[in-house]
Amino acid sequence: MHDFDYIKAKSIDQASTALLDQPTNSSILAGGTDLVDQMRRGVKTPDLIVDIKSIPELQRVALKENALILGGGVPVSRIYNQQGILSEFPGLETSLRLIGSIQIQNRATIAGNIGNASPSADLVPILVALESKATIATGNSKREIEIEKLITEPGIIATEPGELIENINIPLPKGKSTNSYLRFTPRAEMDIAVVSLGVSIELEPDATIVHCKIALGAVTPKPIRALDAEQYMLGKRLNIETVKEAAFLINQSAAPISDIRASAQYRLELLPVIGERAIRSCAINLGISL
Ligand SMILES: Cc1cc2nc3c(=O)[nH]c(=O)nc-3n(C[C@H](O)[C@H](O)[C@H](O)COP(=O)(O)OP(=O)(O)OC[C@H]3O[C@@H](n4cnc5c(N)ncnc54)[C@H](O)[C@@H]3O)c2cc1C
């Protein structure tokens, strides 16, 4: 493996300063489950690694009045093991528990899943469907950006040198709401999504859909919402006709590629099936039988 310097940052300021000192070839290290593998394979050859796991602000997990705050350096197993923290977020819990294996979940972070910016990242579609934002920090500044806008292309996020993801801010669902995440993988475990989809939905008491976000994974280079399907669902009752038509419309937003794991055509066949199941799962969460 390529030689590199290593800094274990104790504060955002220290991490940011170190990253700025070497802006062209430094890398943030969280759990390392993507980065270390990429370094071993020579895909990434940073001269400086800045380890952010010991920065206290990045280890925060808090359920506030309006939002769930998840620190950028928190391993995903610490999130789902915290009692009650995900009760409003069944879709997020599903996605966290799908990452790799227990061993991987004890290392992998949400910020790393976003920072790696893989089109098949499991946490991204549900975070987008939940309208989550990332707090991007340096030693002396903070800004917020929607996850949907943060990932710009495969492997690239819209951060400047010296910036890091401090935390993810997920608004608490309102009223009669729920969410779900579903992926298709050829193997049941330790595989990468061929297609995936996150849904977040809010209903009136009579089951009219008042809020709906559907985000797609592994069928576009960067996170994208299924806007045609969302538009169609708004104002409709959540019934079987609505679900089937929305699932059909999801493909209008997809632009899959063919690769070693699936052809584009196969992905287009799968996506409406996964979409229908994910929306049905929301209906089940809300006690609606379709
Ligand atoms: C065996 C195995 C199975 C896997 N299975 C899955 C799976 O099922 N689903 C899935 O989605 N992924 C999977 N992965 C990929 C990986 O585990 C996840 O993407 C994980 O969330 C990465 O988090 P990390 O903390 O390990 O990131 P790291 O490897 O530490 O970092 C990943 C990238 O994010 C950047 N980064 C990290 N933290 C920050 C921050 N705070 N601010 C800005 N940038 C940051 C890093 O610089 C790097 O570019 C798997 C990996 C392995 C090895």
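Just so you know, these numbers come straight off a predicted model, no measurement behind them.

1. Re the site of the ligand
Lining the immediate surroundings of the ligand are 29 residues, of which Gly 31, Gly 100, Gly 112, Asn 113 and Gly 115 lie closest. Counting only elements with at least two residues in the shell around the ligand, the list comes to strand 2 (26-29), helix 2 (35-40), helix 6 (110-116) and strand 10 (164-171). Here the shell around the ligand takes five residues from helix 6, the largest share from any one element. Grouping the amino acids of the shell around the ligand by side-chain chemistry returns 14 nonpolar, eleven polar and four charged. For the shell around the ligand, the two domains that each supply at least three residues are domain 1 (5-51) and domain 2 (56-171).

2. Observations regarding the environment of Val 273
Mapped onto the fold, Val 273 is located in helix 11 (residues 264-285). In this structure Val 273 comes out as partly exposed when scored by C-beta crowding, with 13 C-beta atoms within 10 Å. When the C-alpha atoms of Val 273 and Arg 225 are compared, they prove to be 17 Å apart, with 48 residues separating the residues in sequence.

3. Quick look at the pairing of strand 3 (residues 48-51)
By the bridge criterion, four bridges tie strand 1 (residues 5-8) to strand 3 in an arrangement that is parallel. Across the sheet, residue Asp 5 finds its bridge partner in strand 3, namely Leu 48. Examined bridge by bridge, strand 2 and strand 3 share four bridges and lie parallel to one another. Counterpart to Leu 29 in the pairing with strand 3 is Asp 51.

4. Comments concerning the domain arrangement of the protein
One can read the domain layout of the protein as domain 1 (5-51), domain 2 (56-171) and domain 3 (176-285). Between the C-alpha centres of domain 1 and domain 3 there is a distance of 35 Å.

5. Comments concerning the nonpolar core
Membership of the largest hydrophobic core comes to 80 residues, with the highest contact counts inside it found for Ala 15, Ile 52, Ile 114, Leu 127, Ile 214 and Ile 250. Every residue in contact with Ile 52, bar those within four places of it in the chain, is listed here: Ala 9, Ala 15, Ile 28, Leu 29, Ala 30, Leu 58, Gly 73 and Leu 164.

6. What about the sheet that holds strand 3?
In spatial order, the strands read 1-3-2; together these three strands make up an open sheet with parallel pairing. For this open sheet the edge positions go to strand 1 and strand 2, each flanked by a neighbour on one side alone. Looking at each pair of strands side by side, their axes are set apart by 20° on average, direction ignored. Set on the sheet, helix 1 (residues 12-21) makes contact with strand 1, strand 2 and strand 3; between it and strand 3 the angle comes to about 170°.

7. Here we look at helix 10 (residues 240-250)
Inspection of helix 10 places Val 243, Ala 246, Ala 247, Leu 249 and Ile 250 among the buried residues, and these make up the whole buried set. Summarising the axial view, the buried residues of helix 10 lie within an arc of 160°, below the 170-degree limit, and thus occupy one face. Exposed and facing more than 90 degrees away from the buried side of helix 10 are Ile 240 and Glu 241. Looking at the packing, one finds that the buried side of helix 10 touches strand 13 (209-217), helix 9 (227-233) and helix 11.

8. Points about unusual backbone geometry
Positive phi values are uncommon outside glycine, yet Ala 117 reaches one of about 50°. Since 21 C-beta atoms lie within 10 Å of it, Ala 117 is described here as buried. In this structure, Ala 218 is a non-glycine residue whose phi angle is positive, near 70°. Tracing the sequence through the fold places Ala 218 in the loop between strand 13 and strand 14 (224-225).

9. Comments concerning the sheet that holds strand 12 (residues 195-203)
Reading across the sheet, the four strands line up as 11-12-13-14 and stay open at both edges, with antiparallel pairing between neighbours. Of all the strands in the sheet, just strand 11 (176-184) and strand 14 have a single pairing partner and so form its edges. Relative to strand 12, strand 11 is paired through nine bridges, and the arrangement is antiparallel. Within strand 12, the residue paired with Lys 176 across the bridge is Leu 203. Along the sheet, helix 4 (residues 90-98) makes contact with strand 11 and strand 12, crossing strand 11 at roughly 25°.

10. A closer look at the packing of helix 10 against helix 11
As a packed pair, helix 10 and helix 11 sit with axes 8 Å apart at the nearest point and diverge in direction by 140°. One element, helix 10, and the other, helix 11, form an angle in the oblique class. Where helix 10 crosses over helix 11, the two elements pack in a sense that is right-handed. Two secondary-structure elements touch here, helix 10 through Val 243, Lys 244, Ala 246, Ala 247, Phe 248 and Ile 250 and helix 11 through Leu 271, Pro 272, Gly 275, Glu 276, Ile 279 and Arg 280. Split into classes, the residues belonging to the contact of helix 10 with helix 11 amount to eight nonpolar, one polar and three charged.

Conventions and cut-offs
- Residues numbered from 1 in each chain as written.
- Predicted model: local features only at pLDDT ≥ 70, side-chain atom pairs only at ≥ 80, totals over all residues.
- Near = placed C-beta within 6 Å.
- Helix = DSSP H or I, 4+ residues; strand = E, 2+ residues; numbered from the N terminus.
- Nonpolar A, V, L, I, M, F, W, Y, C, P; charged D, E, K, R; others polar.
- Domains from an automatic or database assignment.
- Buried ≥ 20, exposed ≤ 12 C-beta atoms within 10 Å, placed from the backbone.
- Pairing = 2+ DSSP bridges.
- Core = buried A, V, L, I, M, F, W, Y, C linked by C-beta atoms within 7 Å.
- Contact = placed C-beta atoms within 7 Å.
- Axes fitted to C-alpha atoms, helices over the stretch in contact; angles between N-to-C directions.
- Arc of directions from axis to C-beta.
- Parallel < 35°, antiparallel > 145°, perpendicular 65-115°, else oblique.
- Left-handed = near helix turned anticlockwise from the far one by under 90°.

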